[in-house]
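Examining the three-dimensional arrangement
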Amino acid sequence: MNPSGGEIPKDLRGFLEYYEQAHPREFCRIEKEVDPRYEAAAILTKLEQARKLPILRYEKVKGSSFPVVTNVYSTKKKIAASIGADPRRFRQTYLAAMENPIPPRLVTGGPVLDQTISQDDFDWKDFPLMTYHQGDAAPYLTAGMVLAEDPETGRTNASFNRLMYQGRNRVGIFMTVGKHLHEMYSRMEDQDQPLPITICLGSHPAWALGALHIGPYGDDELAIIGGLLGRPVEMIRGDLPGTIFPAEAEIVFEAVIEPHIREEEGPFCEFSGYATGRGLRPVVTVTSVHLREKAIFQDICGGQHREHLVMATIPMEANFYRTIKGAVPTLVDVHVPAPFSLIVSIKKRFPGQAQSAMLAAFSSDIYLKHAIVVDEDVDITNLQEVIWAIATRVQADTDILVIPGVRGSSLDPSCGQQEGVVTKMGIDATAKPSLSAFPKRNKVPRDVLDRLKLEDYVNLEEL
Ligand SMILES: Cc1cc2nc3c(=O)[nH]c(=O)nc-3n(C[C@H](O)[C@H](O)[C@H](O)COP(=O)(O)O)c2cc1C
Ligand SMILES: [Mn+2]
(Lines give C-alpha, C1' and ligand atoms only; values in the text may rest on other atoms or scores of the structure.)
(Ligands and ions follow the chains in the order given, each with its own letter.)
Protein backbone atom coordinates (compact mmCIF):
# COMPACT_ATOMS: atom_id res chain seq x y z
CA MET A 1 0.00 0.00 0.00
CA ASN A 2 1.28 3.49 -0.74
CA PRO A 3 0.75 6.37 1.71
CA SER A 4 -2.59 7.25 0.09
CA GLY A 5 -3.80 3.70 0.73
CA GLY A 6 -3.63 2.49 -2.90
CA GLU A 7 -1.69 -0.39 -4.40
CA ILE A 8 2.08 -0.01 -4.81
CA PRO A 9 2.65 1.10 -8.43
CA LYS A 10 3.91 -1.71 -10.64
CA ASP A 11 6.42 0.24 -12.71
CA LEU A 12 7.96 3.67 -13.31
CA ARG A 13 4.98 4.92 -15.34
CA GLY A 14 2.57 3.78 -12.65
CA PHE A 15 4.65 5.59 -10.04
CA LEU A 16 4.84 8.80 -12.10
CA GLU A 17 1.07 8.78 -12.67
CA TYR A 18 0.42 8.20 -8.97
CA TYR A 19 2.88 10.88 -7.87
CA GLU A 20 1.71 13.54 -10.32
CA GLN A 21 -1.84 13.05 -9.11
CA ALA A 22 -1.04 12.82 -5.40
CA HIS A 23 1.55 15.64 -5.34
CA PRO A 24 0.95 17.90 -8.35
CA ARG A 25 3.18 20.62 -6.89
CA GLU A 26 6.14 18.20 -6.94
CA PHE A 27 5.72 17.21 -10.57
CA CYS A 28 6.52 19.55 -13.42
CA ARG A 29 5.88 18.97 -17.12
CA ILE A 30 8.05 21.16 -19.35
CA GLU A 31 6.59 21.71 -22.81
CA LYS A 32 9.25 24.10 -24.17
CA GLU A 33 12.03 22.35 -26.10
CA VAL A 34 15.12 21.66 -24.02
CA ASP A 35 18.64 21.08 -25.33
CA PRO A 36 20.26 17.97 -23.79
CA ARG A 37 23.54 19.88 -24.01
CA TYR A 38 23.71 21.83 -20.72
CA GLU A 39 20.11 23.16 -20.74
CA ALA A 40 18.49 20.28 -18.85
CA ALA A 41 21.27 20.49 -16.23
CA ALA A 42 20.85 24.28 -16.04
CA ILE A 43 17.10 23.98 -15.34
CA LEU A 44 17.76 21.46 -12.56
CA THR A 45 20.56 23.57 -11.09
CA LYS A 46 18.41 26.69 -10.98
CA LEU A 47 15.53 24.80 -9.39
CA GLU A 48 17.90 23.40 -6.74
CA GLN A 49 19.18 26.91 -6.06
CA ALA A 50 15.54 27.91 -5.47
CA ARG A 51 15.26 24.82 -3.16
CA LYS A 52 12.73 23.13 -5.44
CA LEU A 53 13.04 19.42 -6.19
CA PRO A 54 10.11 18.43 -8.40
CA ILE A 55 10.12 15.44 -10.71
CA LEU A 56 10.70 16.94 -14.16
CA ARG A 57 9.23 15.62 -17.37
CA TYR A 58 10.68 17.20 -20.50
CA GLU A 59 8.14 16.62 -23.26
CA LYS A 60 10.46 17.75 -26.05
CA VAL A 61 14.20 17.20 -26.01
CA LYS A 62 16.12 18.54 -28.99
CA GLY A 63 17.20 15.84 -31.43
CA SER A 64 15.17 13.04 -29.86
CA SER A 65 11.62 11.73 -29.92
CA PHE A 66 11.63 10.49 -26.31
CA PRO A 67 10.14 12.35 -23.37
CA VAL A 68 12.69 12.50 -20.52
CA VAL A 69 11.99 12.26 -16.78
CA THR A 70 14.54 13.30 -14.21
CA ASN A 71 14.76 14.00 -10.46
CA VAL A 72 12.59 10.95 -9.67
CA TYR A 73 14.72 10.11 -6.61
CA SER A 74 15.30 13.70 -5.48
CA THR A 75 13.74 13.27 -2.01
CA LYS A 76 13.33 10.38 0.42
CA LYS A 77 9.61 11.14 0.38
CA LYS A 78 9.35 10.30 -3.33
CA ILE A 79 11.31 7.05 -3.10
CA ALA A 80 9.47 5.98 0.06
CA ALA A 81 6.11 6.71 -1.58
CA SER A 82 6.96 4.34 -4.42
CA ILE A 83 6.98 1.37 -2.02
CA GLY A 84 4.43 2.65 0.46
CA ALA A 85 7.07 3.20 3.17
CA ASP A 86 7.22 5.87 5.86
CA PRO A 87 10.21 8.12 4.92
CA ARG A 88 11.13 8.44 8.63
CA ARG A 89 11.40 4.64 8.96
CA PHE A 90 13.03 4.04 5.61
CA ARG A 91 16.11 2.39 7.09
CA GLN A 92 14.06 -0.30 8.85
CA THR A 93 12.11 -0.92 5.62
CA TYR A 94 15.34 -1.34 3.68
CA LEU A 95 16.90 -3.63 6.28
CA ALA A 96 13.73 -5.75 6.39
CA ALA A 97 13.94 -6.20 2.59
CA MET A 98 17.57 -7.32 2.92
CA GLU A 99 16.54 -9.88 5.51
CA ASN A 100 13.45 -11.04 3.60
CA PRO A 101 14.55 -11.20 -0.03
CA ILE A 102 12.06 -12.45 -2.62
CA PRO A 103 13.73 -14.18 -5.59
CA PRO A 104 12.85 -12.99 -9.11
CA ARG A 105 10.39 -14.80 -11.37
CA LEU A 106 11.17 -15.57 -15.00
CA VAL A 107 8.45 -14.63 -17.50
CA THR A 108 8.42 -14.93 -21.28
CA GLY A 109 6.87 -11.61 -22.21
CA GLY A 110 6.10 -8.14 -20.96
CA PRO A 111 5.53 -4.53 -22.01
CA VAL A 112 9.23 -3.87 -22.65
CA LEU A 113 9.00 -6.19 -25.65
CA ASP A 114 6.50 -3.88 -27.41
CA GLN A 115 9.21 -2.94 -29.89
CA THR A 116 12.71 -4.28 -30.66
CA ILE A 117 15.44 -2.50 -32.61
CA SER A 118 18.15 -4.69 -34.15
CA GLN A 119 21.88 -4.01 -33.92
CA ASP A 120 22.02 -2.70 -37.49
CA ASP A 121 19.20 -0.22 -37.00
CA PHE A 122 20.38 1.03 -33.63
CA ASP A 123 22.03 4.42 -33.19
CA TRP A 124 22.83 6.07 -29.84
CA LYS A 125 22.18 9.40 -31.57
CA ASP A 126 18.44 8.61 -31.49
CA PHE A 127 18.54 8.66 -27.67
CA PRO A 128 18.80 11.84 -25.58
CA LEU A 129 22.20 11.33 -23.98
CA MET A 130 23.02 14.39 -21.90
CA THR A 131 25.93 16.77 -21.47
CA TYR A 132 25.63 18.24 -17.99
CA HIS A 133 28.71 20.18 -17.01
CA GLN A 134 31.68 21.97 -18.51
CA GLY A 135 34.43 19.39 -18.61
CA ASP A 136 32.25 16.38 -19.52
CA ALA A 137 34.11 14.63 -22.32
CA ALA A 138 31.00 13.71 -24.36
CA PRO A 139 27.25 13.09 -23.92
CA TYR A 140 26.54 10.55 -21.18
CA LEU A 141 23.91 8.08 -20.02
CA THR A 142 23.93 7.97 -16.21
CA ALA A 143 20.61 6.33 -15.30
CA GLY A 144 21.36 3.03 -17.05
CA MET A 145 21.19 0.17 -14.60
CA VAL A 146 23.58 -2.55 -15.65
CA LEU A 147 22.45 -6.12 -14.97
CA ALA A 148 24.94 -8.97 -15.25
CA GLU A 149 24.60 -12.60 -14.29
CA ASP A 150 27.33 -14.45 -12.46
CA PRO A 151 27.92 -17.59 -14.55
CA GLU A 152 28.75 -19.68 -11.46
CA THR A 153 25.89 -18.72 -9.12
CA GLY A 154 23.30 -17.60 -11.68
CA ARG A 155 22.65 -14.57 -9.49
CA THR A 156 22.22 -11.13 -10.97
CA ASN A 157 24.19 -8.05 -10.00
CA ALA A 158 22.76 -4.59 -10.54
CA SER A 159 24.71 -1.34 -10.60
CA PHE A 160 24.63 2.11 -12.11
CA ASN A 161 27.59 2.79 -14.41
CA ARG A 162 28.14 5.94 -16.37
CA LEU A 163 28.25 5.35 -20.13
CA MET A 164 29.98 7.76 -22.49
CA TYR A 165 28.95 8.19 -26.12
CA GLN A 166 31.66 6.86 -28.43
CA GLY A 167 29.94 5.87 -31.68
CA ARG A 168 26.78 4.51 -33.30
CA ASN A 169 26.49 1.44 -31.08
CA ARG A 170 29.41 1.94 -28.68
CA VAL A 171 29.76 3.59 -25.29
CA GLY A 172 32.66 3.67 -22.84
CA ILE A 173 31.88 2.31 -19.35
CA PHE A 174 33.24 3.30 -15.94
CA MET A 175 33.39 0.38 -13.48
CA THR A 176 35.00 1.04 -10.11
CA VAL A 177 37.77 -1.46 -9.40
CA GLY A 178 36.69 -3.70 -6.52
CA LYS A 179 32.97 -3.32 -7.19
CA HIS A 180 31.01 -6.34 -8.32
CA LEU A 181 30.46 -5.52 -11.98
CA HIS A 182 34.17 -4.94 -12.42
CA GLU A 183 34.88 -8.30 -10.75
CA MET A 184 32.44 -10.09 -13.10
CA TYR A 185 33.99 -8.38 -16.10
CA SER A 186 37.50 -9.35 -14.95
CA ARG A 187 36.49 -13.02 -14.53
CA MET A 188 35.17 -13.12 -18.09
CA GLU A 189 38.12 -11.20 -19.51
CA ASP A 190 40.48 -13.72 -17.88
CA GLN A 191 38.82 -16.26 -20.20
CA ASP A 192 39.01 -13.85 -23.18
CA GLN A 193 35.21 -13.65 -23.15
CA PRO A 194 32.92 -10.59 -23.33
CA LEU A 195 30.58 -9.97 -20.41
CA PRO A 196 26.95 -9.94 -21.64
CA ILE A 197 24.90 -7.26 -19.89
CA THR A 198 21.60 -5.46 -20.12
CA ILE A 199 21.36 -1.71 -19.56
CA CYS A 200 17.92 -1.00 -18.12
CA LEU A 201 16.28 2.41 -18.11
CA GLY A 202 13.07 3.47 -16.45
CA SER A 203 12.21 0.89 -13.80
CA HIS A 204 10.17 1.17 -10.61
CA PRO A 205 12.20 3.25 -8.07
CA ALA A 206 12.74 0.17 -5.87
CA TRP A 207 15.15 -0.99 -8.57
CA ALA A 208 17.49 1.90 -7.88
CA LEU A 209 17.61 1.03 -4.19
CA GLY A 210 18.51 -2.58 -5.07
CA ALA A 211 21.18 -1.55 -7.58
CA LEU A 212 22.80 0.62 -4.92
CA HIS A 213 22.77 -2.18 -2.34
CA ILE A 214 26.18 -2.63 -0.78
CA GLY A 215 26.91 -6.16 0.31
CA PRO A 216 29.12 -9.16 -0.40
CA TYR A 217 29.77 -10.37 -3.94
CA GLY A 218 27.01 -12.85 -4.74
CA ASP A 219 24.14 -11.11 -2.94
CA ASP A 220 21.08 -11.37 -5.15
CA GLU A 221 20.12 -7.76 -5.71
CA LEU A 222 16.96 -8.70 -7.64
CA ALA A 223 15.74 -10.51 -4.53
CA ILE A 224 16.29 -7.38 -2.43
CA ILE A 225 14.23 -5.38 -4.92
CA GLY A 226 11.56 -8.10 -4.59
CA GLY A 227 11.76 -7.70 -0.82
CA LEU A 228 11.21 -3.94 -1.15
CA LEU A 229 8.25 -4.40 -3.50
CA GLY A 230 6.76 -7.29 -1.51
CA ARG A 231 6.56 -9.40 -4.68
CA PRO A 232 9.00 -11.06 -7.09
CA VAL A 233 10.29 -8.90 -9.91
CA GLU A 234 9.39 -10.28 -13.34
CA MET A 235 12.38 -10.94 -15.56
CA ILE A 236 12.78 -11.83 -19.23
CA ARG A 237 15.76 -13.74 -20.65
CA GLY A 238 17.63 -11.85 -23.36
CA ASP A 239 19.05 -13.07 -26.67
CA LEU A 240 22.63 -13.21 -25.42
CA PRO A 241 23.59 -16.01 -22.99
CA GLY A 242 23.24 -14.84 -19.38
CA THR A 243 21.31 -11.67 -20.13
CA ILE A 244 18.17 -10.90 -18.20
CA PHE A 245 16.04 -7.75 -17.90
CA PRO A 246 12.89 -6.49 -16.17
CA ALA A 247 9.62 -7.00 -18.04
CA GLU A 248 8.38 -3.59 -16.88
CA ALA A 249 11.37 -1.39 -17.82
CA GLU A 250 10.87 1.45 -20.29
CA ILE A 251 13.96 0.77 -22.41
CA VAL A 252 16.47 -2.12 -22.31
CA PHE A 253 19.75 -2.24 -24.25
CA GLU A 254 21.23 -5.72 -24.67
CA ALA A 255 24.99 -5.40 -24.92
CA VAL A 256 28.42 -6.86 -24.21
CA ILE A 257 31.43 -5.37 -22.48
CA GLU A 258 34.27 -6.25 -24.81
CA PRO A 259 37.34 -8.03 -23.43
CA HIS A 260 40.84 -6.52 -23.83
CA ILE A 261 39.64 -3.26 -25.39
CA ARG A 262 40.34 0.05 -23.67
CA GLU A 263 39.48 3.49 -24.98
CA GLU A 264 39.55 7.01 -23.56
CA GLU A 265 36.64 7.63 -21.17
CA GLY A 266 36.03 10.74 -19.08
CA PRO A 267 36.53 13.20 -17.59
CA PHE A 268 33.03 13.46 -16.17
CA CYS A 269 31.74 15.81 -13.48
CA GLU A 270 31.00 13.40 -10.67
CA PHE A 271 29.08 13.28 -7.40
CA SER A 272 32.37 14.09 -5.68
CA GLY A 273 31.94 17.60 -7.06
CA TYR A 274 34.88 17.35 -9.47
CA ALA A 275 35.50 16.55 -13.12
CA THR A 276 37.52 13.39 -12.69
CA GLY A 277 38.26 9.99 -14.01
CA ARG A 278 39.83 10.40 -17.41
CA GLY A 279 41.38 7.10 -18.37
CA LEU A 280 41.49 4.10 -20.68
CA ARG A 281 38.35 2.06 -19.97
CA PRO A 282 36.37 -0.86 -21.40
CA VAL A 283 33.88 -0.46 -24.23
CA VAL A 284 30.25 -1.61 -24.49
CA THR A 285 28.72 -2.70 -27.80
CA VAL A 286 24.92 -2.68 -28.05
CA THR A 287 23.41 -5.73 -29.81
CA SER A 288 19.67 -4.92 -29.62
CA VAL A 289 17.18 -2.64 -27.87
CA HIS A 290 13.71 -3.32 -26.47
CA LEU A 291 11.24 -0.55 -25.72
CA ARG A 292 7.75 -0.01 -24.49
CA GLU A 293 5.25 1.86 -26.55
CA LYS A 294 5.66 5.61 -25.83
CA ALA A 295 8.84 4.80 -23.94
CA ILE A 296 10.04 7.30 -21.33
CA PHE A 297 13.78 7.96 -21.16
CA GLN A 298 14.96 8.36 -17.56
CA ASP A 299 17.83 10.64 -16.69
CA ILE A 300 19.79 11.26 -13.49
CA CYS A 301 21.71 14.52 -13.68
CA GLY A 302 25.43 13.77 -13.24
CA GLY A 303 27.52 15.62 -10.68
CA GLN A 304 26.74 16.82 -7.19
CA HIS A 305 22.96 17.12 -7.35
CA ARG A 306 20.37 16.10 -4.77
CA GLU A 307 19.05 13.11 -6.66
CA HIS A 308 22.32 11.20 -6.86
CA LEU A 309 23.16 11.90 -3.21
CA VAL A 310 19.70 11.03 -1.84
CA MET A 311 19.30 7.77 -3.74
CA ALA A 312 22.78 6.48 -2.92
CA THR A 313 22.66 7.41 0.76
CA ILE A 314 19.66 5.22 1.67
CA PRO A 315 21.29 1.83 0.85
CA MET A 316 24.71 3.07 2.01
CA GLU A 317 23.47 4.03 5.47
CA ALA A 318 21.46 0.79 5.75
CA ASN A 319 24.63 -1.19 5.00
CA PHE A 320 26.69 0.76 7.55
CA TYR A 321 23.97 0.35 10.16
CA ARG A 322 23.79 -3.42 9.63
CA THR A 323 27.54 -4.07 9.60
CA ILE A 324 28.46 -1.75 12.49
CA LYS A 325 25.60 -3.17 14.59
CA GLY A 326 27.31 -6.56 14.18
CA ALA A 327 30.48 -5.19 15.79
CA VAL A 328 28.96 -2.75 18.28
CA PRO A 329 25.51 -3.86 19.49
CA THR A 330 24.92 -0.48 21.15
CA LEU A 331 25.17 1.41 17.84
CA VAL A 332 22.76 4.36 17.87
CA ASP A 333 22.78 5.89 14.38
CA VAL A 334 24.78 6.45 11.18
CA HIS A 335 24.86 9.41 8.79
CA VAL A 336 26.62 9.95 5.46
CA PRO A 337 27.04 13.75 5.19
CA ALA A 338 29.38 13.95 2.16
CA PRO A 339 31.16 11.71 -0.34
CA PHE A 340 33.43 9.08 1.26
CA SER A 341 32.45 10.20 4.79
CA LEU A 342 30.52 8.65 7.68
CA ILE A 343 29.47 9.80 11.14
CA VAL A 344 28.48 7.15 13.67
CA SER A 345 27.01 7.52 17.15
CA ILE A 346 27.36 4.74 19.70
CA LYS A 347 26.52 4.16 23.32
CA LYS A 348 30.06 3.18 24.28
CA ARG A 349 30.09 0.53 27.01
CA PHE A 350 33.75 -0.51 26.71
CA PRO A 351 36.98 1.14 25.50
CA GLY A 352 37.86 0.25 21.91
CA GLN A 353 34.30 0.13 20.62
CA ALA A 354 34.71 3.30 18.55
CA GLN A 355 37.59 1.55 16.75
CA SER A 356 35.46 -1.59 16.27
CA ALA A 357 32.79 0.59 14.64
CA MET A 358 35.33 2.20 12.28
CA LEU A 359 36.86 -1.09 11.19
CA ALA A 360 33.46 -2.66 10.54
CA ALA A 361 32.50 0.37 8.45
CA PHE A 362 35.76 0.44 6.45
CA SER A 363 35.58 -3.27 5.71
CA SER A 364 32.01 -3.10 4.43
CA ASP A 365 32.27 -0.26 1.88
CA ILE A 366 35.39 0.44 -0.15
CA TYR A 367 34.28 4.04 -0.87
CA LEU A 368 34.44 5.00 2.80
CA LYS A 369 37.51 7.13 3.58
CA HIS A 370 36.74 9.07 6.78
CA ALA A 371 34.75 7.69 9.73
CA ILE A 372 33.97 9.81 12.80
CA VAL A 373 32.57 8.09 15.89
CA VAL A 374 30.77 10.10 18.60
CA ASP A 375 28.76 9.36 21.74
CA GLU A 376 25.01 9.09 21.82
CA ASP A 377 24.59 12.63 23.20
CA VAL A 378 25.71 14.14 19.86
CA ASP A 379 23.21 14.85 17.06
CA ILE A 380 25.08 13.38 14.08
CA THR A 381 23.00 15.31 11.55
CA ASN A 382 24.22 18.56 13.12
CA LEU A 383 27.74 18.99 11.75
CA GLN A 384 28.50 21.82 14.19
CA GLU A 385 27.90 19.44 17.11
CA VAL A 386 30.10 16.83 15.48
CA ILE A 387 32.95 19.33 15.07
CA TRP A 388 32.40 20.35 18.71
CA ALA A 389 32.79 16.72 19.79
CA ILE A 390 36.03 16.47 17.77
CA ALA A 391 37.26 19.73 19.32
CA THR A 392 36.55 18.71 22.91
CA ARG A 393 36.91 14.92 23.00
CA VAL A 394 39.84 14.18 20.64
CA GLN A 395 43.59 14.17 21.13
CA ALA A 396 45.15 13.57 17.74
CA ASP A 397 48.06 11.44 18.94
CA THR A 398 45.83 8.77 20.50
CA ASP A 399 42.39 9.07 18.92
CA ILE A 400 43.08 9.03 15.19
CA LEU A 401 43.42 5.79 13.28
CA VAL A 402 45.27 6.07 9.97
CA ILE A 403 45.30 3.17 7.50
CA PRO A 404 47.37 3.92 4.39
CA GLY A 405 47.34 2.09 1.06
CA VAL A 406 43.73 0.86 0.99
CA ARG A 407 41.39 0.63 -2.02
CA GLY A 408 39.00 3.53 -2.12
CA SER A 409 37.21 5.50 -4.79
CA SER A 410 39.11 6.26 -7.98
CA LEU A 411 37.03 9.45 -8.10
CA ASP A 412 38.79 10.89 -5.04
CA PRO A 413 40.81 13.75 -6.56
CA SER A 414 43.18 13.88 -3.58
CA CYS A 415 44.59 10.38 -3.96
CA GLY A 416 48.21 10.25 -4.95
CA GLN A 417 50.08 8.44 -7.68
CA GLN A 418 47.98 5.29 -7.61
CA GLU A 419 44.40 5.99 -8.70
CA GLY A 420 41.87 4.55 -6.26
CA VAL A 421 44.38 3.84 -3.47
CA VAL A 422 43.70 6.08 -0.47
CA THR A 423 44.54 6.58 3.18
CA LYS A 424 41.60 5.87 5.47
CA MET A 425 41.12 7.82 8.69
CA GLY A 426 38.99 7.10 11.71
CA ILE A 427 38.43 9.76 14.39
CA ASP A 428 37.38 8.51 17.80
CA ALA A 429 35.45 11.55 19.04
CA THR A 430 33.84 9.70 21.94
CA ALA A 431 34.56 10.89 25.48
CA LYS A 432 37.35 8.93 27.19
CA PRO A 433 37.29 6.77 29.13
CA SER A 434 33.49 7.09 28.99
CA LEU A 435 30.76 9.68 28.68
CA SER A 436 29.69 9.17 32.30
CA ALA A 437 33.26 9.76 33.58
CA PHE A 438 33.77 12.84 31.37
CA PRO A 439 33.07 16.45 32.43
CA LYS A 440 29.36 17.13 32.22
CA ARG A 441 27.87 19.24 29.42
CA ASN A 442 26.35 22.59 30.35
CA LYS A 443 22.73 22.12 31.28
CA VAL A 444 20.15 24.36 32.96
CA PRO A 445 18.33 22.11 35.50
CA ARG A 446 15.45 20.21 33.92
CA ASP A 447 12.91 21.11 36.61
CA VAL A 448 13.59 24.82 36.13
CA LEU A 449 13.21 24.54 32.34
CA ASP A 450 9.94 22.65 32.85
CA ARG A 451 8.37 25.04 35.30
CA LEU A 452 9.48 28.35 33.76
CA LYS A 453 7.11 29.91 31.21
CA LEU A 454 9.00 32.14 28.79
CA GLU A 455 5.96 34.31 28.07
CA ASP A 456 5.91 35.40 31.74
CA TYR A 457 9.26 37.14 31.10
CA VAL A 458 9.47 38.19 27.45
CA ASN A 459 7.15 38.89 24.57
CA LEU A 460 8.33 36.43 21.94
CA GLU A 461 6.28 38.11 19.23
CA GLU A 462 8.32 41.28 19.64
CA LEU A 463 11.71 39.61 19.47
C1 LIG B 1 23.54 7.85 -10.78
C2 LIG B 1 24.66 6.94 -10.36
C3 LIG B 1 25.72 6.74 -11.21
C4 LIG B 1 26.75 5.87 -10.85
N5 LIG B 1 27.79 5.67 -11.71
C6 LIG B 1 28.77 4.79 -11.40
C7 LIG B 1 29.84 4.54 -12.30
O8 LIG B 1 29.95 5.15 -13.36
N9 LIG B 1 30.77 3.61 -11.97
C10 LIG B 1 30.71 2.93 -10.78
O11 LIG B 1 31.57 2.10 -10.54
N12 LIG B 1 29.73 3.17 -9.89
C13 LIG B 1 28.76 4.08 -10.17
N14 LIG B 1 27.74 4.31 -9.29
C15 LIG B 1 27.76 3.61 -8.00
C16 LIG B 1 27.38 2.16 -8.12
O17 LIG B 1 26.17 1.98 -8.81
C18 LIG B 1 27.25 1.55 -6.71
O19 LIG B 1 28.49 1.66 -6.07
C20 LIG B 1 26.80 0.12 -6.71
O21 LIG B 1 26.56 -0.25 -5.39
C22 LIG B 1 27.81 -0.82 -7.29
O23 LIG B 1 27.28 -2.09 -7.24
P24 LIG B 1 28.15 -3.41 -7.35
O25 LIG B 1 29.21 -3.38 -6.29
O26 LIG B 1 27.11 -4.43 -7.08
O27 LIG B 1 28.71 -3.50 -8.74
C28 LIG B 1 26.71 5.20 -9.61
C29 LIG B 1 25.65 5.44 -8.75
C30 LIG B 1 24.63 6.30 -9.11
C31 LIG B 1 23.50 6.54 -8.16
MN1 LIG C 1 26.53 -6.11 -6.05
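Residues numbered from 1 in each chain as written. Chains lettered and ligands numbered in written order. Predicted model: local features only at pLDDT ≥ 70, side-chain atom pairs only at ≥ 80, totals over all residues. Heavy atoms only, no water.

Turning to the sheet that holds strand β21 (residues 331-335), a few remarks are in order. With mixed pairing, the 5 strands of this open sheet are ordered in space as β21-β22-β23-β25-β24. Two strands lie at the open edges of the sheet, namely β21 and β24 (400-407), each paired on one side alone. With direction set aside, neighbouring strand axes in the sheet form an average angle of 15°. Both β21 and strand β22 (residues 341-346) contribute to a ladder of 4 bridges, which runs antiparallel. The residue bridging His335 from the neighbouring strand is Ile343, located in β22. Against the sheet, helix α9 (residues 353-364) engages β22, β23 (370-375), β24 and β25 (421-428), with an angle of about 150° to β25. (Pairing = 2+ DSSP bridges. Helix = DSSP H or I, 4+ residues; strand = E, 2+ residues; numbered from the N terminus. Axes fitted to C-alpha atoms, helices over the stretch in contact; angles between N-to-C directions. Contact = heavy atoms within 4.5 Å.)

Metal coordination angles have textbook ideals: 109.5 degrees for a tetrahedral set of four donors and 90 or 180 degrees for an octahedral set of six. Taken together, the protein donors to the manganese ion (ligand 2) comprise Asn157 (OD1), His180 (ND1) and Glu221 (OE), at separations of 2.1 to 2.2 Å. Along the chain, the residues that donate to the manganese ion (ligand 2) are spaced as N-x22-H-x40-E. On the criterion of sequence distance, the pair formed by Asn157 in strand β8 (residues 156-160) and Glu221 in helix α7 (residues 221-229) is long-range, its members being 64 residues apart. Grouping residues by exposure puts Asn157 and Glu221 together as buried. (Donors = N, O, S within 2.8 Å, 3.2 Å for Na, K, Ca; no water. Buried < 20%, exposed > 50% of the residue type's maximum accessible area, 1.4 Å probe, protein only.)

Residue alternation in strand β2 (residues 55-58) divides its side chains into two sets, Ile55 and Arg57 and Leu56 and Tyr58, and both sets are buried. With 4 bridges joining them, strand β1 (residues 27-30) and β2 adopt parallel strand pairing. When the sheet's bridge partners are listed, Ile30 is paired in β2 with Tyr58. Once the chain exits β1 it traverses helix α2 (residues 39-49) before rejoining the sheet at β2, and the crossover so formed is right-handed. Bridging between β2 and strand β3 (residues 68-70) involves 3 bridges; their strand directions are antiparallel. By the bridge assignment for β3, Tyr58 is matched with Val68. (Right-handed = clockwise from strand over helix to strand, strands pointing away.)

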